[in-house]
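# Report on the structure
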Number of protein chains: 2
Amino acid sequence: MKKVRVTFYPEGERVEARRGATLLEIAKEGGIFIASICGGDGICGRCRVIIKGGEVEAAPTTLLTREEIQRGYALACQTKALGEVEVLIPPETRAEGAQILIDEDAQRFRALYAVSEEQAFFRHDPLVKKLYLELPRPTLQDNLADQERLFREIRRYLNVPLMQMGLKVLQSLPEVVRRSDWKVTATLGRRGGTTELIQVEPGDRAGAGRNFGLAVDVGTSTVVAHLVDLATSQTIDAEACYNSQLPFGEEVTRRIIYAEREGLKPLNEAIVSDINNLISALVSRNRVELHDVTTLVCAGNTTMLHLLLGLDPSHLRKSPYIPTATTPPPVRAAEVGIKINPRGLLYTMPNIGSWVGGDITAGILATGLYQMEGLTMFIDIGTNGEIVLGNR
Amino acid sequence: MKKVRVTFYPEGERVEARRGATLLEIAKEGGIFIASICGGDGICGRCRVIIKGGEVEAAPTTLLTREEIQRGYALACQTKALGEVEVLIPPETRAEGAQILIDEDAQRFRALYAVSEEQAFFRHDPLVKKLYLELPRPTLQDNLADQERLFREIRRYLNVPLMQMGLKVLQSLPEVVRRSDWKVTATLGRRGGTTELIQVEPGDRAGAGRNFGLAVDVGTSTVVAHLVDLATSQTIDAEACYNSQLPFGEEVTRRIIYAEREGLKPLNEAIVSDINNLISALVSRNRVELHDVTTLVCAGNTTMLHLLLGLDPSHLRKSPYIPTATTPPPVRAAEVGIKINPRGLLYTMPNIGSWVGGDITAGILATGLYQMEGLTMFIDIGTNGEIVLGNR
């Protein structure tokens with residue numbers, strides 16, 4: 001396979017690619033942002049670039065004026081690189097707004113903490129809890145097994161009739177309880193009606209600053225993550241970025257079509273990598289150990305949550321518009337490639353339907369609309385918009 | 001590291017090993033059976049072998065007569081190979097009885113089928129069930145998601161309020177239901193109070209000959225496996241073998257001590273490999289697809305079940321005699337290395353205590369002792385013995 005090299009200005013980044021690939025594809029491969037709504041079909045005209053030199057082959061388009069073409073303009077999605085090519089991405093096509101948005105969003109969300117603390121009408125009941133336990137040492141009279149001893153102690157504090165424990169945790173249990181002189185911290189996660197003993201650690205790890213969760217808004221355009229101390233319910237910090245699925249299509253339907261053609265893997269990897277980057281920034285800035293991040297709750301439209309979980313979204317856009325799942329189960333975050341505690345849980349907010357997603361569920365919950373006496377309207381103005389009208 | 005080669009007669013098997021290893025260790029490495037109760041401590045005197053030639057270094061022992069030593073006898077566990085050695089394993093030290101036992105046991109267990117069919121006072125309610133479902137196709141009026149559509153249909157037949165599904169099964173769901181025109185077989189396993197949707201297959205796989213389980217008696221000396229058709233509760237075939245942990249010590253305590261010194265991995269691998277061999281023999285003889293073997297229920301003493309699950313048994317033998325778990329959760333058989341359907345479940349019978357195991361639980365259940373009016377005695381004569389006295 002013959003290779004070409006394309007240099008993208010103003011940054012001067014060089015990307016090697018297969019000869020005959022489009023400039024949009026090559027930019028995507030190199031992680032370089034070029035605006036595109038139609039996902040590469042030559043319809044939207046957003047991916048305008050300027051060819052500074054090199055051999056290219058461009059399909060004819062009515063979206064550029066003759067004058068523009070003479071000045072070197074081309075649609076990145078309709079232009080194939082045949083040799084060493086130099087491309088300038090003009091300001092309107094660049095993701096420069098992105099960095100600004102990230103900073104502004106982060107500022108804006110940081111400014112919200114005080115408010116959310118005051119407005120806390122939620123009962124503090126996180127998905128994953130840590131519980132410090134001092135187990136009575138076994139004797140000939142009280143010779144319960146390690147597992148049953150731990151369960152008995154947990155049930156003194158919490159009403160958890162059904163408890164599960166993975167084999168790996170069970171295998172480590174005898175050593176952990178004895179090494180810590182029977183003083184351990186149990187991490188308990190809720191999974192579809194049962195409680196899973198996610199991990200057992202020596203000593204006390206249940207206080208503030210020892211158990212963190214992330215609330216992530218997986219938007220079609222932007223992704224925003226809040227870091228929350230699960231012992232206190234306090235939001236510590238927030239971070240935002242553009243959704244890296246943007247080059248696959250700015251609009252939800254385009255991304256579904258892309259997934260149908262090319263598989264959902266690239267879209268899944270893009271959003272997983274965005275979330276991992278946000279987590280990485282949040283934990284390093286706040287000196288949080290990744291091991292202490294035990295849960296991740298994501299809200300987003302039905303398509304975004306499908307792509308995040310690696311669920312086929314293709315039936316969402318075709319009558320009768322059927323999701324794979326409206327209430328996906330809590331899964332281990334690691335199964336999806338999210339890097340928090342390896343045994344931590346990822347919960348996606350339940351979707352209402354194919355085109356009314358878990359972001360709306362989250363909005364109804366967060367605004368308290370479902371508790372209000374009078375008819376209230378909730379409007380989500382996103383890449384796509386939804387309106388909810390209702391009361392208690 | 002210098003190597004030596006030891007040839008074991010009468011079979012003439014050659015084993016390469018590290019210079020200075022004992023003949024017992026070398027035999028074990030080569031999978032050759034040499035009797036041993038003490039597990040290599042030079043106490044029991046069972047591992048008698050005859051040195052036919054080569055350079056060895058033997059520790060003095062009072063367990064052999066002067067005459068025996070002159071005739072070449074040595075204790076395999078006290079004799080190190082220093083060069084090319086030829087060893088004869090005399091009949092009393094060999095596992096020749098093993099093959100005979102296997103055949104006799106298999107015959108004996110086969111003869112029991114008719115009886116167990118008549119005595120079926122158990123309600124037919126296997127741990128893993130298959131259910132054939134013809135789902136209504138989605139319409140604009142009935143636009144439930146794939147997962148919720150499947151759950152709704154299952155709940156028409158079974159009372160399963162809590163249902164879980166792994167991410168991988170969920171990911172495969174849209175394709176499976178559509179490829180099979182909404183006619184699918186759901187495999188449902190019980191896991192600690194909840195029901196797990198283990199797999200979804202296209203078409204009808206719920207009839208006789210499509211869902212198999214194994215009932216395995218994990219004895220200290222012998223391992224016996226029964227193949228059961230879970231659609232009919234009928235036992236199809238049985239197979240038995242010696243427990244390959246024997247070279248690590250004939251007696252339970254010796255094996256615990258071995259695990260403390262060398263780790264439990266070799267003991268775990270030995271029993272897992274025995275069970276896999278039995279399964280392999282049973283499925284090939286009965287032309288059963290491994291994919292259709294969905295569950296494995298094991299009974300055994302507490303130590304055997306610990307070693308099978310890879311749970312530390314060392315506290316079982318020291319006061320106050322604490323197991324890691326008396327009621328281990330159902331785990332995925334693959335987690336333990338058991339080769340049935342990769343998503344199939346392994347359930348170990350609950351133990352009563354450290355020295356009264358899940359084999360006794362199974363015995364009380366199988367004999368119906370717990371339902372009897374009069375005081376009844378149940379005696380398990382195994383490598384270790386237990387007696388249960390009780391009634392309803």
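Below or above, wherever it landed, is the structure these notes cover. Quick caveat: nothing in here was measured; it's all calculated off a predicted structure.

Let us now look at helix α7 (residues 252-262) of chain A. Taken together, the buried positions of α7 of chain A are occupied by Val252, Arg255, Ile256, Ile257, Tyr258 and Ala259 of chain A. Immediately downstream of α7 of chain A, the backbone of Gly263 of chain A shows phi near 90 degrees, a positive value.

Let us look at the side chain of Arg255 of chain A. In this structure, Arg255 of chain A sits in helix α7. An unpaired buried charge is present at Arg255 of chain A: no salt bridge exists, and Glu250 of chain A, the closest side chain of opposite charge, is 7.3 Å distant.

Residues and elements named next belong to chain A. A surface patch of nonpolar side chains, about 700 Å² in accessible area, is lined by Leu375, Met377, Ile379, Ile381, Ile387 and Leu389. Elements supplying a minimum of two residues to the nonpolar patch: β18 (376-381) and β19 (385-390). If one sorts the elements of the nonpolar patch by residue count, β18 sits on top with 3 residues. Counting through the fold element by element, Ile381 comes out in strand β18.

Next up on the list: the sheet that holds strand β8 (residues 128-134) of chain B. Residues and elements named next belong to chain B. In spatial order, the strands read β8-β10-β11-β9; together these 4 strands make up an open sheet with mixed pairing. Only two strands of the sheet have a single neighbouring strand rather than two, namely β8 and β9 (163-165). This sheet shows a mean twist of 35 degrees between the axes of neighbouring strands, independent of strand direction. Contacting β8, β9, β10 (183-191) and β11 (194-202), helix α5 (residues 146-157) runs over the sheet at an angle of about 110 degrees to β8. Lying on the sheet, helix α6 (residues 167-179) is in contact with β9, β10 and β11; it crosses β11 at an angle near 40 degrees.

Let us look at the packing of α5 of chain B against α6 of chain B. Residue and element names in this part refer to chain B. Between α5 and α6, the least distance of the axes is 9 Å, while the angle of their chain directions is 75 degrees. Here α6 runs roughly perpendicular to α5, going by the angle between their axes. Here α5 contributes Asp146, Gln147 and Leu150 to the contact with α6, which in turn contributes Leu170, Leu173, Pro174, Val177 and Arg178.

Further remarks concern the pairing of strand β18 (residues 376-381) of chain B. All names here are of chain B. Where β18 meets strand β19 (residues 385-390), 6 bridges bridge the pair, whose relative direction is antiparallel. Bridging across to β19, Ile381 finds its partner in Gly385. In textbook terms, the turn of a hairpin is the stretch between consecutive antiparallel strands, and for β18 and β19 this stretch comprises 3 residues.

Another point: the relation of the copies chain B and chain A. Its rotation angle being 180 degrees, the transformation that places chain B on chain A also includes 0.1 Å of axial translation and leaves an RMSD of 0.2 Å. Taken together, the rotation and translation describe the operation of a two-fold axis. If distances are taken from each C-alpha of chain B to the rotation axis, the shortest is found for Thr194 of chain B, at 3.6 Å. In this assembly, 100% of the residues forming the interface of chain B have copies in chain A that are likewise at the interface, indicating an isologous arrangement.

How large an interface is tends to be reported as the accessible area lost when its parts come together. Counting from both sides, the interface comprises 40 residues of chain B and, opposite them, 40 residues of chain A. A buried area of about 3200 Å², summed over both sides, lies between chain B and chain A, and 62% of it is on carbon and sulfur atoms. Run the count over chain B and chain A and you get 0 salt bridges. Among the elements of the structure, α5, β9, α6 and α10 (333-336) of chain B are those that each provide at least two residues to the side of chain B that touches chain A. With 5 residues, the top contributor of residues to the side of chain B that touches chain A is α6 of chain B. Of the residues that constitute the side of chain B that touches chain A, the class distribution is 20 nonpolar, 14 polar and 6 charged.

Let us now look at helix α9 (residues 302-309) of chain A. Residues and elements named next belong to chain A. With respect to burial, α9 is a largely interior element, 8 of its 8 residues being buried. If you check which residues of α9 are buried, you get Thr302, Thr303, Met304, Leu305, His306, Leu307, Leu308 and Leu309. For α9, the side-chain oxygen to backbone nitrogen distance between the N-cap and Thr303 is 3.0 Å, and the N-cap itself is Asn301. Two residues or fewer after α9 comes Gly310, characterised by a positive phi angle close to 75 degrees.

With that out of the way, let us pick up the pattern of salt bridges. This structure, assessed with the given rule, holds 52 salt bridges over all chains. Here Arg190 of chain A makes a salt bridge to Asp125 of chain A, at a shortest N to O gap of 3.3 Å. Of this pair, Arg190 of chain A sits in strand β10 (residues 183-191) while Asp125 of chain A is found in the loop between α4 (113-118) and β8 (128-134), placing the two residues 65 residues apart along the sequence. You can call Arg190 of chain A partly exposed: its relative accessible area is 35%. A residue is classified by how much of its surface remains accessible, and Asp125 of chain A, at 22% relative accessible area, is partly exposed. Ionic pairing is found between Glu67 of chain B and Arg71 of chain B, a salt bridge with its closest N-O pair at 4.0 Å. Each of Lys130, Glu201, Arg205 and Asp292 of chain A takes part in one network of salt bridges that share partners.

Cut-off values and rules
- Residues numbered from 1 in each chain as written.
- Chains lettered and ligands numbered in written order.
- Predicted model: local features only at pLDDT ≥ 70, side-chain atom pairs only at ≥ 80, totals over all residues.
- Heavy atoms only, no water.
- Buried < 20%, exposed > 50% of the residue type's maximum accessible area, 1.4 Å probe, protein only.
- Helix = DSSP H or I, 4+ residues; strand = E, 2+ residues; numbered from the N terminus.
- Lys, Arg positive; Asp, Glu negative; His and termini not counted.
- Salt bridge = Lys/Arg side-chain N within 4 Å of Asp/Glu carboxyl O.
- Patch = residues over 30% accessible without salt bridge, like charges linked within 9 Å, V, L, I, M, F, W, Y side chains within 5 Å.
- Areas by Shrake-Rupley, 256 points an atom, 1.4 Å probe, with all protein chains shown as cover.
- Pairing = 2+ DSSP bridges.
- Axes fitted to C-alpha atoms, helices over the stretch in contact; angles between N-to-C directions.
- Contact = heavy atoms within 4.5 Å.
- Parallel < 35°, antiparallel > 145°, perpendicular 65-115°, else oblique.
- Least-squares fit on C-alpha atoms with pLDDT ≥ 70 in both.
- Buried area = accessible area lost by both parts, 1.4 Å probe.
- Nonpolar A, V, L, I, M, F, W, Y, C, P; charged D, E, K, R; others polar.
- Polar contact = N/O pair within 3.5 Å; in protein donor to acceptor, adjacent residues only side chain to side chain.

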